[in-house]
Amino acid sequence: MNHLSYIHQGNTAWSNFLDQLDRVAPYLNDLQDRLDTLRRPKRALIVDIPVEMNDGTIKHFEGFRVQHSLTRGPGKGGVRFHPNVDLNEVMALSAWMTIKCAALNLPFGGAKGGVRVDPSKLSKRELERLARRYTSEINFIIGPQKDIPAPDVGTNPQIMAWMMDTYSMNAGSTITGVVTGKPVHLGGSLGRVKATGRGVYITGMDVAKKIQLEINQARICVQGFGNVGSEAAALFAQSGAKVICIQDHSATLYQPEGIDLELLVQYQKQHGAIKGFSPAHEIANALFWDIEAEIFIPAALEGVITEQVAQSIKAKLILEGANGPTLSKADDILAQRQITIVPDVICNAGGVTVSYFEWVQDLASYFWTEDEINQRMDVIMRNAINDVWEKARQQNCSLRTAAYILACERILIARKERGTYPG
Ligand code: NAD
């Protein structure tokens, strides 16, 4: 096994991904020898982003774009603006995109980008300058047939609009298909904003039924009340579940009879965070994973379900809205404790599925209705979760390993058929 030794260290996101690959290897039969292709990114770019701040000073930010695999099509993956972004994290996120796109059978490889920055500390103009310069720096490796960025933590449709505009200015024509998650009047797709949360709900409902977990009155805890967490929470609440605990970067709110989500969304819009919302009361952040509930939805950052959390969590079902929330050793403990996890590469794939629809619509310059989008998304998500469930049953393995088997088989067969350049 020829790992990139300088990066396979400690409990990092990338080493977590490598552990996940090691777990799937025994199931891949004669394709196993080819797995090394996924143990390194195809291409990783580090860029310096000088930005003129409003006070006239120049500040330098570090940016990344990693294309983990382009075997099955152009790279696809979001751009994260967050103070903890580093090469290791972006590599892992890009690799999870490779697996996700293949698990869903979308014709994409995997990529991810990021800038080490706290966007809340920048003015709108500074943020625009940062997004535009970042796009210019990665301009030569992105494009509708090369690599298509999208929003992730800390980025949004406005930033995608600036990225699309910058790329188009450099190209000399309007090229909407270079990014997805754009505003709707700029070639964005209806249904994209809510798609990831909707996908968490669809896959969650499906698996809840399979494990005979009654959603009506089920208690749910959600970590992260952003794009993904808030939509997933709202849909489960509409189905009769009680969202009893919500944590964001500012606070952990608890209300055993169920939090009023509509009021909380309004409060968050006004205050920028959930801290201070009543009648829910605030509890210590560390207590989040100890709450008694049937379903937990991590929908913030990676690496939060540690061995310790896995040993104590009192859940029947974990829905991974976030990318990479569960460490590999925690996965083993959860399996022993018979707690079902719908893995990120399936659970949060609603976003990339509608991103795929957006890219198709941009290339065709023909746009679908929201109903068409939701119906097509439901079919893809339900087929994916059923295939993964069936594979897990056949191989007697976790849903994550099953998703990795399906994805790795597709990627490695494609790799084999393409051959090794220059032959
Ligand atoms: P977002 O920026 O809209 O929201 C992030 C939420 O997490 C916010 O509520 C924030 O307060 C909270 N948060 C941040 N740090 C936290 C901490 N330390 N503890 C608790 N909460 C914290 O981001 P998003 O788009 O909802 O993405 C959330 C996760 O879902 C990420 O892992 C992202 O990669 C993944 N994801 C997003 C999409 C998408 O379409 N947006 C698609 C697939 C996966």
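Residues numbered from 1 in each chain as written. Predicted model: local features only at pLDDT ≥ 70, side-chain atom pairs only at ≥ 80, totals over all residues. Heavy atoms only, no water.

### Remarks on the pairing of strand β10 (residues 295–298)
Worth spelling out the cut-off: Burial classification: accessible surface area is computed with a 1.4 Å probe over protein chains only, and a residue below 20% of its type maximum counts as buried, one above 50% as exposed, and the rest as partly exposed. Helix and strand labels come from DSSP, where a helix needs a run of H or I of at least four residues and a strand needs a run of E of at least two; each type is numbered from the N terminus. For two strands to count as paired, DSSP must find a minimum of two bridges between them. By convention, a crossover is right-handed whenever its connection, traced from the first strand over the helix to the second and viewed with the strands pointing away, goes clockwise.
The side-chain alternation of β10 yields two buried faces, one formed by I295 and I297 and the other by F296 and P298. Here strand β6 (residues 219–223) pairs with β10 via four bridges, running parallel. The residue bridging I220 from the neighbouring strand is I295, located in β10. Here β10 runs beside strand β11 (residues 317–319); their pairing, made up of two bridges, is parallel. Paired with I295 across the bridge in β11 is L317. The parallel pair β10 and β11, bridged by helix α8 (residues 307–312), forms a crossover whose chirality is right-handed.

### Quick notes on the sheet that holds strand β3 (residues 75–82)
The condition that has to hold: Simply put, an axis is a line fit to the C-alpha atoms, just over the touching stretch for a helix, and the angle between two N-to-C directions goes from 0 to 180 degrees.
As summarised here, the arrangement of the five strands in space is β1-β2-β4-β3-β5, forming an open sheet in which the pairing is mixed. Of all strands in the sheet, those bounded by a partner on one side alone are β1 (43–52) and β5 (147–151). With direction set aside, neighbouring strand axes in the sheet form an average angle of 20 degrees. For strand β2 (residues 58–69) and strand β4 (residues 110–116), the ladder comprises six bridges, and the chain directions are antiparallel. Looking at β4, one finds that V66 is bridged to K112.

### Points about the nonpolar core
Note that soluble globular proteins tend to have their nonpolar side chains buried in a common cluster. Note the cut-off: Here, nonpolar core means buried Ala, Val, Leu, Ile, Met, Phe, Trp, Tyr and Cys residues that are tied together by side-chain atoms lying within 4.5 Å of each other.
The biggest cluster of nonpolar side chains holds 89 residues, and the ones touching the most others in it are F17, L35, I246, I297, L319, I346 and C408. Broken down by element, the residue count for this core peaks at eleven residues, all from helix α2 (residues 87–103). Of all hydrophobic cores here, the second largest spans 26 residues; its members include V115, V117, I138 and V178.

### Focus on the site of the ligand
To be explicit about the condition: If even one non-hydrogen atom of a residue comes within 4 Å of a molecule or strand, that residue is called near it. In the analysis that follows, any N or O atom pair within 3.5 Å is treated as a polar contact, provided that within protein one partner can donate a hydrogen and the other can accept it, and provided that, for residues neighboring in sequence, both atoms belong to side chains. In this description, accessible areas are obtained by the Shrake-Rupley approach with a 1.4 Å probe, and a residue is regarded as covered only by the protein chains that are shown. When residues are sorted by character, Ala, Val, Leu, Ile, Met, Phe, Trp, Tyr, Cys and Pro go into the nonpolar class, Asp, Glu, Lys and Arg into the charged class, and all the rest, Gly among them, into the polar class. Domain start and end points were adopted from an automatic or database domain assignment.
Taken together, the neighbourhood of the ligand is formed by 23 residues, with D152, T196, H249, A300 and N323 sitting nearest. Here T196 contributes a side-chain N or O atom positioned 2.7 Å from an oxygen atom of the ligand. Contact distances for the ligand include 2.8 Å between an oxygen atom and a side-chain N or O atom of N323. Protein chains bury 81% of the 830 Å² of accessible surface belonging to the ligand in isolation. Every element with two or more residues in the shell around the ligand is listed here: α5 (192–210) and α6 (227–238). Along the lines of polarity and charge, the residues of the shell around the ligand split into seven nonpolar, eleven polar and five charged. If you count residues domain by domain, the shell around the ligand takes at least three from each of domain 1 (37–177) and domain 2 (193–342).

### Description of the domain arrangement of the chain
Threshold: Residue contacts follow a heavy-atom distance rule, with two residues in contact if any of their heavy atoms lie within 4.5 Å. A quick way to say it: buried area is the sum, across both parts, of accessible area lost when two parts are put together, with a 1.4 Å probe.
Domains assigned within the chain are domain 1 (37–177) and domain 2 (193–342). Taking the mean C-alpha position of each, domain 1 and domain 2 sit 28 Å from one another. The interface is formed by nine residues belonging to domain 1 together with five residues belonging to domain 2. Together, the buried faces of domain 1 and domain 2 total about 540 Å²; carbon and sulfur atoms form 52% of this surface. The interface formed by domain 1 and domain 2 holds two residue pairs in polar contact (both at pLDDT 80 or more) in total.

### With respect to the environment of S230
By the secondary structure assignment, S230 is in helix α6. Residues S230 and V265, 35 residues apart in the sequence, show an inter-C-alpha distance of 7.9 Å. Residues within four places of S230 in sequence aside, it is in contact with G224 and F225. Here G226 takes part through its backbone oxygen, which lies 2.6 Å from a polar atom of the side chain of S230.

### Quick word on helix α12 (residues 370–395)
Structurally, the α-helix is built with 3.6 residues per turn, so residues lying three or four positions apart point the same way. The following threshold applies: What a helix should span is 1.5 Å times the count of its residues minus one.
The end-to-end C-alpha distance of α12, which contains 26 residues, comes to 37 Å, matching closely the 38 Å that a straight helix rising 1.5 Å per residue would cover. Here α12 has its buried residues at I373, N374, M377, D378, M381, A384, I385, V388, K391 and A392.

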